[in-house]
Amino acid sequence: MKTMQDKYYREIDYARISITDYCNLSCRYCKSEADAILEKQVSQKQLFNLIDVLDELKFRKIRFTGGEPLLNDWIVSLVEYTNNKEHIKDIGLTTNAVLLDKYLDALIKAGLKRINISLDTLDDNKYYEITKTNYLQRVKDNIALAVASELIVKVNVVLLKGVNDNEIVNFLEFGRLNNVQIRFIELMPIGENDDFIKDKQLNIRDKFKNYQSREKKPNCKDVSDYYIDEYGYCFGIISPISNHFCERCNRIRFTSDGKLRLCLHSDNELDIYEYLNKKEELKALILNYIKEKPEKHYLNENMKANKGMSKIGG
Ligand code: SF4
C-alpha cells in the first residue's frame, strides 16, 4: 500500500494524536474560561487500534499531544506499543514538561524519539500570569534532564505582544547555554479567546528581520524557518499566518474525544469514536475522509476555527 495522499497530492504520513484535553496549566491563549472537559475520552485500547490502522496506512510519524499527555500514566505503554509498529519510525511528544522527570526514562526506554516542550517565558511572574501556576523552575530543570538524554528536544515559545516579545534575546541565550533548540511560534487565532489573541498577536517575521536566515533543504517538510544569531546559534520560527506551509502539509489530527480533524484551522471533523474498535471500517473511513482535507487555512481571510487548542491538541 502506498502512503496516503489527499486530493492535492500531498503525502499524509504524520498524525498528531491528542490523548486528553485535561491540563495542569491554564494558558491564556489556549484555554478559555468557558472550556469544559470533553465528555468522551478515548481509551488506551482504542488508541492501540488507531495506531494499528495508521501503521497499515503507512504513517511514518506520530506525535502525542493534549491538553497535557503526561497526565495519562498509560502514555508510556502507548509509546511502547507504537514503537513496535512496522512503519511508524518517528514518535514524538508535546508537553509542558511539569511532570517530565516522572516519565522521562520510561518514555525513552519505550521508544520516544523527540520531545517539544512548551515554555513561553523565563520570568516567574509572567509564567504565573500566562499559566496560572508556579512551575517555571521545575520546567527548566526538566528541560535540562531532557537535553541530557538522547531525545531530540525543542522548546516552543508562543510570542505574545507586550508579554514575552521582549524576552527573545533571553530565550536565545537560554537556548545557547542549555544547548537546546528554541522555536518561536506566531500566535494563531483559534478557539474562543478572540479578544486576548487579537490583542497579543504580532507579525513574527518583523521581529526577526535583522537575523540571518538559513537556507532550507528542498522538499523539507519541517514547518520551521531557521535563523542564526550573532553567536552562530541556530533557532527556528513557525509562522502559519505570515508565511503558511500548507502546500507541504503532511498531517492530520485525532482529538481526545475520538474525532478526526483534517486541518488545525478547520472545525470540520469526522466522529470516529464508534469505529475505534472496528479497524477495517475505521481504515475505510480515514481513506475516504482524507479527500475532504482543505488545501490550506483561511486565517488571512478571517476564517478561523472555534474549537480551542486544548481540545484539538495543537
Ligand atoms: S493550517 Fe491546515 S493545511 Fe495548513 S499546515 Fe496546518 S493543518 Fe495543514
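None of these values were measured; they are calculated from a predicted model. (Residues numbered from 1 in each chain as written. Predicted model: local features only at pLDDT ≥ 70, side-chain atom pairs only at ≥ 80, totals over all residues. Heavy atoms only, no water.)

J.: Even after reading the chapter, I still don't get unusual backbone geometry, so can you show me in this structure?
T.: Apart from glycine, the bulk of residues carry a negative phi angle, and the bulk of peptide bonds sit in the trans form. Unlike most non-glycine residues, Ala 97 shows phi in positive territory, near 65 degrees. Locating Ala 97 in the fold gives a position in the loop between strand E3 (90-95) and helix H3 (100-110). Classification of Ala 97 as buried rests on a relative accessible area of 0%. (Helix = DSSP H or I, 4+ residues; strand = E, 2+ residues; numbered from the N terminus. Buried < 20%, exposed > 50% of the residue type's maximum accessible area, 1.4 Å probe, protein only.)

J.: Would you mind showing me how to read the side chain of Thr 131 here?
T.: Inspection of the secondary structure puts Thr 131 in helix H4 (residues 124-131). Sequence-distant contacts of Thr 131, defined by excluding residues within four places in its chain, comprise Leu 25, Ser 26 and Cys 27. (Contact = heavy atoms within 4.5 Å.)

J.: Sorry, what's going on with the packing of aromatic side chains here?
T.: For any pair of aromatic rings, the description consists of the separation of the ring centres together with the inter-plane angle of the planes. Inspection of every chain in the model, using the stated rule, returns 9 aromatic pairs. Here Phe 184 and Phe 208 contribute two aromatic rings whose centre-to-centre distance is 5.1 Å and whose plane-to-plane angle is 35 degrees, an arrangement assigned as tilted. Here Phe 184 is found in strand E6 (residues 181-186), whereas its partner Phe 208 is found in the loop between helix H8 (204-207) and strand E7 (212-214), with 24 residues between them in sequence. By relative accessible area, which is 0% here, Phe 184 ends up buried. Looking at Phe 208, the relative accessible area reads 0%, which means it is buried. A centroid spacing of 5.9 Å and a plane angle of 80 degrees characterise the contact between Phe 184 and Phe 235, whose relative ring orientation is edge-to-face. Note that Phe 184 is positioned in strand E6 and Phe 235 in strand E9 (residues 234-238), a separation of 51 residues in sequence. In this arrangement the basic side chain of Lys 61 is found over the ring face of Tyr 14, its NZ or CZ atom lying 4.5 Å from the centre. Between Lys 278 and the ring centre of Tyr 275, over which it is positioned, the NZ or CZ distance is 5.3 Å. (Phe/Tyr/Trp six-rings, centres within 6.5 Å; stacked < 30°, edge-to-face > 60°. Lys NZ or Arg CZ within 6 Å of the ring centre and 35° of its normal.)

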